[in-house]
Amino acid sequence: MTAPIPTRASAHRLFLLRHADAVGWAANGDRERPLSAHGRDQAHEAGTQVRQLRPAMVWSSPARRARETAEQLGSGHTPELQEGLYHATADSMLGMLRALPEKVESILLVAHAPGIPDLAWELASKDSDGELRRLLERGFPTCTLVGLEFTGRWSEPVSYTHLRAHETDSYLVCRLLL
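Along every chain, residues carry numbers that run from 1 in the direction the sequence is written. Residues qualify for local features only when their pLDDT is at least 70, as the model is predicted, and side-chain atom pairs are given and counted only at 80 or more; totals for whole chains, interfaces and linings, by contrast, use all residues. Hydrogens and water molecules were not included; the side-chain quantities draw on all heavy atoms of the structure.

Asks: Report on the side chain of Arg 13, specifying residues and quantitative values.
Replies: Along the chain, Arg 13 falls in strand E1 (residues 11-18). Separated by 2.9 Å, the side chain of Arg 13 and the backbone oxygen of Leu 53 make a polar contact. Polar contact is defined as a pair of N or O atoms within 3.5 Å, subject to the rule that within protein one atom must be able to donate a hydrogen and the other to accept it, and that residues adjacent in sequence are counted only when both atoms are side-chain atoms. Within the structure, the side chain of Arg 13 is placed 3.5 Å from the side chain of Ser 106, a separation counted as a polar contact. Working definition: helices are DSSP H or I runs of at least four residues, strands are E runs of at least two. Numbering for both runs from the N terminus.

Asks: Requested: an account of the packing of helix H3 (residues 90-98) against helix H4 (residues 115-123), with residues and values cited.
Replies: Throughout, an axis means a line fitted to C-alpha atoms (over the contacting stretch in the case of helices), and angles, computed between N-to-C directions, take values from 0 to 180 degrees. For the pair H3 and H4, interaxial distance at closest approach is 8 Å and the crossing angle is 75°. Taken together, the axes of H3 and H4 lie roughly perpendicular to each other. Here Ala 90, Asp 91, Met 93, Leu 94 and Leu 97 of H3 lie close against H4, whose contacting residues are Gly 115, Ile 116, Asp 118, Leu 119 and Glu 122. Following the grouping adopted for this structure description, the nonpolar residues are Ala, Val, Leu, Ile, Met, Phe, Trp, Tyr, Cys and Pro, the charged ones are Asp, Glu, Lys and Arg, and the polar ones are all others, Gly among them. Classifying every residue of the contact of H3 with H4 gives six nonpolar, one polar and three charged. When describing relative orientation, an angle under 35 degrees is termed roughly parallel and one over 145 degrees roughly antiparallel, while 65 to 115 degrees is termed roughly perpendicular and anything else oblique. The contact criterion used is simple: two residues touch if any of their non-hydrogen atoms lie within 4.5 Å.

Asks: Please set out helix H1 (residues 37-53) residue by residue, giving values where relevant.
Replies: The end-to-end C-alpha separation of H1 is 25 Å, in line with the 24 Å expected for 17 residues at 1.5 Å each. The rule is simple: take the accessible area with a 1.4 Å probe, protein chains only, and divide by the maximum for that residue type; under 20% is buried, over 50% is exposed, in between is partly exposed. Looking at H1, one finds that the buried residues are Gly 39, Gln 42, Ala 43, Ala 46, Gly 47, Gln 49, Val 50 and Leu 53. Here the expected length of a helix is defined as 1.5 Å per residue gap, with one fewer gap than residues.

Asks: How would you explain the environment of Pro 114 if you had to name every residue and give the values?
Replies: Locating Pro 114 in the fold gives a position in the loop between strand E4 (106-111) and H4. Residue Pro 114 is classed as exposed on the basis of its relative accessible area of 52%. When the C-alpha atoms of Pro 114 and Ala 88 are compared, they prove to be 8.2 Å apart, with 26 residues separating the residues in sequence.

Asks: Now, about the side chain of Ser 61: what can you tell me, with residues and values included?
Replies: Its place among the elements puts Ser 61 in the loop between strand E2 (57-60) and helix H2 (64-72). Judged by relative accessible area, which is 0%, Ser 61 ranks as buried. Polar side-chain contacts of Ser 61 include one of 2.7 Å to the side chain of His 112. Every residue in contact with Ser 61, bar those within four places of it in the chain, is listed here: Ala 66, Arg 67, Leu 81, Gln 82, Leu 85, Tyr 86, Val 110, Ala 111 and His 112.

Asks: Please provide a residue-by-residue account of the pattern of salt bridges, values included.
Replies: A carboxyl oxygen of Asp or Glu within 4 Å of a side-chain nitrogen of Lys or Arg is what we treat as a salt bridge. In the structure shown here, the tally under the stated rule is four salt bridges. As a salt-bridge pair, Arg 33 and Asp 30 come within 3.1 Å of each other at their nearest N and O atoms. Among the salt bridges present, the one from Arg 65 reaches Asp 30, with a minimum N-O distance of 3.1 Å. Highlighted residues: Arg 65 in helix H2 and Asp 30 in the loop between E1 and H1, separated in sequence by 35 residues. On the basis of relative accessibility, which here comes to 5%, the residue Arg 65 falls in the buried class.

These values are about where atoms sit, not about what they do.
This is how it looks when you write it as structure tokens:
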């Protein structure tokens, strides 16, 4: 287990979590695929880290696998379902984040690939820690968690230059400083 990401008073924190492992098929379609037994274990394990990180709010895709992941984290927040997170692109998620009030210090997004991995990759600039970029290039398995910290406003274009990372059992936690 890792120590929580340290914070500075003026920093915002963004946590990106790809939903936990889901069953491959559901009679009611893709949106209704529940977590597998392995996925429930993954969500429980990731919840240990999320509870230490203490996001101020949690947004989740309305897809069942994302909702179940968010609910099983035990973050202390009822996930706010955001339709825009289902099939979201990195750009559309960044647009949603830019609309956040400045008083929101931290947020956890629980959503899907390729949007979550693409956003993590986009925020990990070429100047970021090479080790992190290599970890992201290896793939973004289910229940991967990335934590980003930056100064500035949610509404401003976000540019990240220094990124630190380490990998834990089933998820990745990184720290980003601007």
